[in-house]
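# Fold and geometry: a report
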Amino acid sequence: MKIIQDSREKIPFNLSFYGFDIERRKLDCGDYSVVGYENFISIDRKKSVSELASNLFEDYVRFKKEMIRAKEITHFFLLFEFDLSSVLIYPNGSGIPRRKWPYLAATPRKILERLKLLYEAYNVKSIFCKNRADAEQKAANILQLVISGGNLDEIEFFLPEIKSE
């Protein structure tokens, strides 16, 4: 089986390293899928907390349209090339000048609230990784699970518990 890699991916994962045949073409939703299983599995990769925050806040109208399409996919994963601690210290390490921090819509709490909303409203599952190599390995494992007929319901994902203030 072939893996579909969205043609708009600028620096794609090297999934051919894992033995996959790659077909590059536009995906309506996400960055990676399996040929013939486009309505069953999709993985959308996020390289940084800043990219995620931009999607969840500044570019939310467009992103929400994608998440509405994602609801039609049985298993849709947001795969992060960073760990949860990077979200919890945001905007530290983001490259955003400190003078702009008070004006940011995205805070760690608000990011986690949006991730929870995405799960509840659209069944979008978030997976934090250690780094890009770890994210690439997890993407390969998920796609291999689809090809081998494994159970994707067993994949662990992050669901934030938000306590009211």
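Description of the structure in this document. Remember, it's a predicted structure, so these values are computed and weren't measured experimentally.

Turning to helix α2 (residues 60–70), its buried residues number three or more, namely Tyr-60, Phe-63, Glu-66, Met-67 and Ala-70. Viewed end-on, α2 has its buried residues packed into an arc of 120°, placing them on one side of the element. Exposed and oriented more than 90 degrees from the buried face of α2 are Val-61 and Lys-65. Check the buried side of α2 and you find it contacts β4 (41–46), α1 (49–58), β5 (75–80), α4 (108–122) and β6 (124–128).

Its 15 residues place the ends of α4 21 Å apart at the C-alpha level, agreeing with the 21 Å of an ideal helix rising 1.5 Å per residue. Listed as buried for α4 are Ile-111, Leu-112, Leu-115, Leu-118 and Tyr-122. The buried residues of α4 occupy one face: seen down the axis, they fall within an arc of 135°. Those residues of α4 hidden inside the fold are in contact with α1, α2, β5, α3 (84–88) and β6. At the exit of α4 stands Asn-123, carrying a positive phi of roughly 60°.

Turning our attention to the side chain of Arg-45. As for its placement among the helices and strands, Arg-45 is situated in strand β4. A residue is classified by how much of its surface remains accessible, and Arg-45, at 9% relative accessible area, is buried. Here the side chain of Arg-45 touches Ile-11 through a polar contact of 3.0 Å, landing on its backbone oxygen. There is a polar contact of 2.5 Å between the side chain of Arg-45 and the side chain of Glu-81. Beyond its immediate sequence surroundings of up to four residues, Arg-45 is in contact with Glu-9, Ile-11, Pro-12, Phe-13, Asp-31, Tyr-32, Glu-51, Leu-79, Glu-81 and Arg-132.

Criteria and cut-off values
Residues numbered from 1 in each chain as written. Predicted model: local features only at pLDDT ≥ 70, side-chain atom pairs only at ≥ 80, totals over all residues. Heavy atoms only, no water. Buried < 20%, exposed > 50% of the residue type's maximum accessible area, 1.4 Å probe, protein only. Helix = DSSP H or I, 4+ residues; strand = E, 2+ residues; numbered from the N terminus. Arc of directions from axis to C-beta. Contact = heavy atoms within 4.5 Å. Expected span 1.5 Å × (residues − 1). Polar contact = N/O pair within 3.5 Å; in protein donor to acceptor, adjacent residues only side chain to side chain.

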